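Examination of the molecular architecture
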Amino acid sequence: MEQKKFFIETFGCQMNHHDSEKVAGTLIRMGYAPTEDSSEADLLLLNTCNIREKANQKVFSRLGSIEKCYRTKVGAKVGLLGCMAQMEGEKIFERTPNVNLVVGSSSYSFLPQLIAQVEQGVPHVIDVTQDSDRLFETYTQSRENPYKAYVTIMEGCNRYCAFCVVPYTRGPERSRNGTHILSEIRQLASEGYQEILLLGQTVNSWRDPAGEIPSFAELLRRVADIEGIRRIRFTSPHPSDFHPEIIEVIETVPAVCNQVHLPVQSGSTPILQRMKRDYTREEYWRRVELIKAAKREIALSTDIIVGFPGESQEDFEETLSLMEQVQYDLIFSFKYSPRPGTEAYSFEDGISEEEKSRRLLVLQEFQRKIQLERNARFIGKEFEVLVEGKSRDAKDLMGRTTQNKIVNFLGPPELLGKWAQVRVTRFSAHSLQGELAS
Ligand code: 5AD
């Protein structure tokens with residue numbers, strides 16, 4: 001009998017991408033083979049995102065005309081995984097009956113049994129139970145990137161920010177045992193991985209359930225001690241758990257990258273309070289001051305939402321002034337999107353779509369100028385990069401500095417997966433162009 005094939009399309013965050021790697025590992029263990037061509041797949045999976053309405057719409061439009069969006073084989077089964085599956089549940093079958101399987105992220109360990117039911121011809125199979133104890137522990141992962149590996153250290157979130165679906169889609173906060181994390185990373189190092197990205201919805205809220213490793217900062221130190229690991233990143237930390245000890249580790253342990261993504265969401269304290277972020281603008285800024293005072297320059301990035309209910313022009317300008325003050329290296333900015341089930345869904349004082357778009361544009365232009373100025377400082381400087389792939393236009397190689405800056409440069413393909421020294425020759429707001437040094 002011919003081997004069954006699967007195809008996964010992933011939407012959304014790095015956590016979702018990593019979940020897809022674990023799901024792929026599980027399917028391979030079940031005897032399936034991966035394919036890049038959806039028309040060959042017996043099982044087509046969409047790992048979905050629900051963070052903003054746009055993410056939802058994208059998936060529904062894909063499902064609505066599935067044969068047009070994906071070339072599908074006759075009799076192929078279709079499954080929906082991830083956060084949208086978790087939130088929409090049975091409703092997905094009503095709206096798109098051609099879907100056979102709906103599985104939320106807490107139930108991936110049961111995929112073998114659930115898929116077996118689909119294979120037996122059960123038309124609609126669903127598991128969206130939120131079991132707080134469950135983590136998706138699997139050692140058979142099929143990693144997308146051959147040079148850097150994602151490692152989950154915690155999942156879920158207990159913070160219930162007013163705008164955010166994550167506590168509902170990902171469930172409550174739960175951490176993995178420190179020894180399990182370290183043994184996974186030792187294994188990765190022995191396979192040749194040199195860069196590790198530690199993942200968690202509020203990654204720095206990690207606490208060792210076994211009580212062996214006293215803090216997140218200490219976990220970073222222990223990962224750095226593993227032979228062969230040259231770079232460690234983590235995403236995304238929550239400002240309230242961003243303790244000075246983490247900065248101390250970045251300062252003193254070269255393998256821990258000097259790059260921090262610290263989502264602020266807004267620069268206005270009243271809006272932060274309405275958002276149920278548990279810090280004020282001043283408290284956030286004090287953390288940034290500590291980061292800026294570090295002996296090793298730390299690159300800073302953030303997430304910002306514009307047009308949260310009640311955000312006045314003045315509040316919006318507070319966000320711009322915080323950006324001016326912080327001088328971020330990179331921002332991810334979003335128009336507020338009301339999410340059913342969250343506290344802010346019922347808030348009044350909604351901002352019109354048009355005004356949200358205007359604020360987003362103003363903010364992005366403001367940041368573009370900051371980034372241009374910041375990137376100009378790099379001209380003539382040399383950096384060590386891990387060469388990860390080709391540039392977007394496939395003409396150049398692409399590597400990242402320890403600060404996570406992308407540098408494109410001309411070089412032989414043998415450099416892929418290797419370390420290279422590059423000198424920056426040109427820059428734009430979003431990337432750096434360089435040449436091989438020596
Ligand atoms: N609307 C817009 N942006 C949102 N984010 C989370 N929820 C929403 C929402 N309802 C953004 C936040 C978060 C990032 C991952 O997505 O900025 O940090």
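Residues numbered from 1 in each chain as written. Predicted model: local features only at pLDDT ≥ 70, side-chain atom pairs only at ≥ 80, totals over all residues. Heavy atoms only, no water.

Here's the deal with the overall build of the chain
What the chain contains, in helices and strands, is 14 helices and 19 strands. Against the 2.2 N^0.38 benchmark of 22 Å for 438 residues, the chain shows a C-alpha radius of gyration of 22 Å, consistent with a compact globule. The dimensions of the chain, computed from C-alpha atoms along their principal axes, are 60 × 55 × 50 Å. Counting over 438 residues, the chain shows a buried share of 56%. Expressed as a percentage of contacts within the chain between residues at least 6 apart in sequence, the contacts between residues at least 24 apart total 73%. Carbon and sulfur atoms make up 51% of the accessible area of the chain, which amounts to about 19,200 Å² in all. Across the chain, 55 positive and 61 negative side-chain charges occur, with their mean positions spaced 3 Å apart. (Helix = DSSP H or I, 4+ residues; strand = E, 2+ residues; numbered from the N terminus. Rg over C-alpha atoms; globule rule 2.2 N^0.38 Å. Buried < 20%, exposed > 50% of the residue type's maximum accessible area, 1.4 Å probe, protein only. Contact = heavy atoms within 4.5 Å. Areas by Shrake-Rupley, 256 points an atom, 1.4 Å probe, with all protein chains shown as cover. Lys, Arg positive; Asp, Glu negative; His and termini not counted. Charge placed at Lys NZ, Arg CZ, Asp CG, Glu CD.)

Quick word on the nonpolar core
Of all hydrophobic cores here, the largest spans 57 residues; its most connected members are Ile153, Ile185, Leu198, Leu220, Ile232, Phe234 and Tyr328. Ranked by residues supplied to this core, first place goes to helix α9 (residues 216–224) with six residues. Once residues within four sequence positions are removed from consideration, isoleucine 153 is found in contact with Ser175, Arg176, Ile181, Leu198, Leu199, Val203, Trp206, Phe216 and Leu219. In terms of nonpolar packing, the next biggest core, distinct from the first, is built from 20 residues, Phe11, Ile66, Tyr70 and Val102 among them. (Core = buried A, V, L, I, M, F, W, Y, C linked by side-chain atoms within 4.5 Å.)

Here we look at the sheet that holds strand β18 (residues 419–427)
Ordered in space as β15-β16-β17-β19-β18, the five strands form a closed barrel in which the pairing is mixed. The sheet shows a mean angle of 55° between the axes of neighbouring strands, direction not considered. When strand β15 (residues 382–390) meets β18, the two strands line up antiparallel, connected through five bridges. Bridge assignment links phenylalanine 383 to a residue of β18, and that residue is valine 422. (Pairing = 2+ DSSP bridges. Axes fitted to C-alpha atoms, helices over the stretch in contact; angles between N-to-C directions.)

Section: the site of the ligand
In the region of the ligand, the neighbouring residues are Ile51, Arg52, Phe163, Gln265, Asp303, Ile305, Phe334, Lys335, Tyr336, Ser337 and Arg339. Between arginine 52 and the ligand, the recorded distance is 2.9 Å, taken from a side-chain N or O atom to an oxygen atom. Between the ligand and the protein, one listed contact pairs an oxygen atom with a side-chain N or O atom of aspartate 303 at 2.7 Å. For the ligand, the accessible surface in isolation is 410 Å², of which the surrounding protein chains cover 87%. Counting residues per element, the ones that place at least two in the shell around the ligand are β13 (299–306) and β14 (330–335). Its residues placed into classes, the shell around the ligand shows five nonpolar, two polar and four charged. (Near = heavy atom within 4 Å. Polar contact = N/O pair within 3.5 Å; in protein donor to acceptor, adjacent residues only side chain to side chain. Nonpolar A, V, L, I, M, F, W, Y, C, P; charged D, E, K, R; others polar.)

Describing the packing of aromatic side chains
For any pair of aromatic rings, the description rests on two quantities: the centre-to-centre distance and the angle between the ring planes. Evaluated as defined, the whole model comprises eight aromatic pairs. Ring centres of phenylalanine 216 and phenylalanine 234 lie 5.2 Å apart, and the angle between their planes is 80°; this geometry places the pair in the edge-to-face category. In this pair, phenylalanine 216 sits in helix α9 while phenylalanine 234 sits in strand β11 (residues 231–235), placing the two residues 18 residues apart along the sequence. When its relative accessible area of 5% is taken as the criterion, phenylalanine 234 is described as buried. With a centroid separation of 6.1 Å and an interplanar angle of 80°, the aromatic rings of phenylalanine 308 and phenylalanine 347 are classed as edge-to-face. Of this pair, phenylalanine 308 sits in the loop between β13 and α13 (313–326) while phenylalanine 347 sits in the loop between β14 and α14 (353–376), placing them 39 residues apart in sequence. Note that arginine 95 overlies the ring of phenylalanine 60, its terminal NZ or CZ placed 3.6 Å from the centroid. Over the aromatic face of tryptophan 419 sits the side chain of arginine 230, whose NZ or CZ is 4.0 Å from the ring centroid. (Phe/Tyr/Trp six-rings, centres within 6.5 Å; stacked < 30°, edge-to-face > 60°. Lys NZ or Arg CZ within 6 Å of the ring centre and 35° of its normal.)

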